[in-house]
Amino acid sequence: MEKEITKYIYFSFEKTPIELANTKPLEFSNHKIIKYLDHVFIQPLEHTPNHINPKNFEKIRKKYKIKSLVLVDYLKSKERFIIIKDHVNKTGYNFLRSKTPFKKRETFPDMSKVYLSKNGEVVFSVGSSFRDDLDINHNYTSWIGPIATVWKYIGVDIYGFAYTKEFKFDSILKHIKGELL
């Protein structure tokens with residue numbers, strides 16, 4: 001079970017730690033994808049409706065046979081690491097807008113339980129407004145909110161995590177594995 005859960009990791013932010021071991025990323029369906037060890041790391045090339053949408057996510061899901069994934073985002077908070085149980089989308093984007101219905105799915109899907117984690121924090125996704133001077137009395141993330149809804153819409157189970165920028169990549173993997181075991 002642990003291998004399946006942590007095999008697919010989607011980075012929702014722009015700068016990524018997935019330049020690993022001089023591995024050349026594959027560009028597929030408007031995303032950068034790297035296979036490294038037992039993992040498949042995925043990241044959008046840009047945060048636009050042409051990149052993040054049900055059609056592109058469905059292609060990625062089918063190609064890699066993804067049933068569940070870990071969605072990782074940057075965090076501005078008192079904490080250095082949190083598990084996400086819900087989000088408030090303050091980005092101004094809804095990547096499902098004008099993209100539904102898709103493949104006989106609902107036009108207005110229920111998004112009340114996007115994340116599998118029942119214990120965790122609620123985050124405020126602020127998109128491009130994510131910056132160092134945000135108030136640390138709230139849990140701010142960059143793009144996890146509008147991205148998570150697209151993965152959920154196409155039927156992928158999501159575990160959400162957020163980290164401060166200072167976190168090292170190896171620490172992220174250890175935390176994810178530890179929390180999901």
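Look above for the structure.
Residues numbered from 1 in each chain as written. Predicted model: local features only at pLDDT ≥ 70, side-chain atom pairs only at ≥ 80, totals over all residues. Heavy atoms only, no water.

Participant: I'd love a proper account of the pattern of salt bridges, names of residues and values included.
Facilitator: Any two side chains of opposite charge can pair, on the condition that their charged atoms come close. In total, this model carries two salt bridges according to the counting rule given. One salt bridge in this structure joins Glu-58 and Arg-61, with 2.6 Å as the shortest N-O distance. Separated by three residues within a single helix, Glu-58 and Arg-61 lie in helix H2 (residues 54–64), roughly one turn from each other. Overall, Glu-58 belongs to the buried group, its relative accessible area being 5%. A salt bridge links Arg-105 to Glu-58; the shortest N-O distance between them is 3.6 Å. (Salt bridge = Lys/Arg side-chain N within 4 Å of Asp/Glu carboxyl O. Helix = DSSP H or I, 4+ residues; strand = E, 2+ residues; numbered from the N terminus. Buried < 20%, exposed > 50% of the residue type's maximum accessible area, 1.4 Å probe, protein only.)

Participant: Can you explain helix H3 (residues 144–153)? Please cite residues and give values.
Facilitator: An α-helix turns once every 3.6 residues. As a result, residues three or four positions apart point the same way. The buried count for H3 comes to nine of 10 residues, which makes it a mostly enclosed element. Of the residues making up H3, those classed as buried are Ile-144, Gly-145, Pro-146, Ile-147, Ala-148, Thr-149, Val-150, Trp-151 and Tyr-153. Directly beyond the C-terminal end of H3, a positive phi value near 95° is found at Gly-155.

Participant: Explain the environment of Leu-116 residue by residue, including any values.
Facilitator: Within the secondary structure, Leu-116 is located in the loop between strand S6 (81–89) and strand S7 (121–125). For Leu-116, a relative accessible area of 32% corresponds to the partly exposed category. For the pair Leu-116 and Tyr-159, spaced 43 residues apart in the sequence, the C-alpha separation amounts to 5.7 Å. Setting aside chain neighbours within four positions, we find Leu-116 in contact with Asp-157, Ile-158 and Tyr-159. (Contact = heavy atoms within 4.5 Å.)

Participant: I'd like a description of unusual backbone geometry, backed by residues and values.
Facilitator: Residue Thr-100 is joined to Pro-101 through a cis peptide bond whose omega torsion reads 0°. Here Pro-101 shows up in the loop between S6 and S7. Positive phi, normally seen in glycine, also occurs at Lys-65, with a value near 55°. Inspection of the secondary structure puts Lys-65 in the loop between H2 and strand S5 (68–76). In this structure Lys-65 comes out as exposed when scored by relative accessible area, which is 64%. A positive phi is found at Ser-98, a non-glycine position, where the angle reads about 65°. Position of Ser-98 among the secondary structure elements: in the loop between S6 and S7. Ser-98 sits in the exposed class, given a relative accessible area of 71%.

Participant: Account for the packing of aromatic side chains, with residues named and values stated.
Facilitator: Within this structure, the stated rule accounts for 11 aromatic pairs. Each residue in the set Tyr-10, Phe-57 and Trp-151 is aromatic and connected to the rest through ring pairs, giving one cluster. The ring of Phe-28 carries the charged tip of Lys-63 above its face, separated from the ring centre by 4.4 Å. (Phe/Tyr/Trp six-rings, centres within 6.5 Å; stacked < 30°, edge-to-face > 60°. Lys NZ or Arg CZ within 6 Å of the ring centre and 35° of its normal.)

Participant: Which residues make up the pairing of S5, and what values go with them?
Facilitator: With eight of nine residues buried, S5 is to be regarded as a mostly interior element. Taken together, the three bridges between strand S1 (residues 8–11) and S5 define a ladder with parallel strand orientation. By the bridge assignment for S5, Tyr-10 is matched with Leu-71. Sheet topology places S5 next to strand S9 (residues 157–163); seven bridges connect them, and they run parallel. What sits directly across from Val-72, in S9, is Phe-161. Relative to strand S8 (residues 140–141), S5 runs antiparallel, the two sharing two bridges. Note on S8: the bridge partner recorded for Lys-76 is Tyr-140. (Pairing = 2+ DSSP bridges.)

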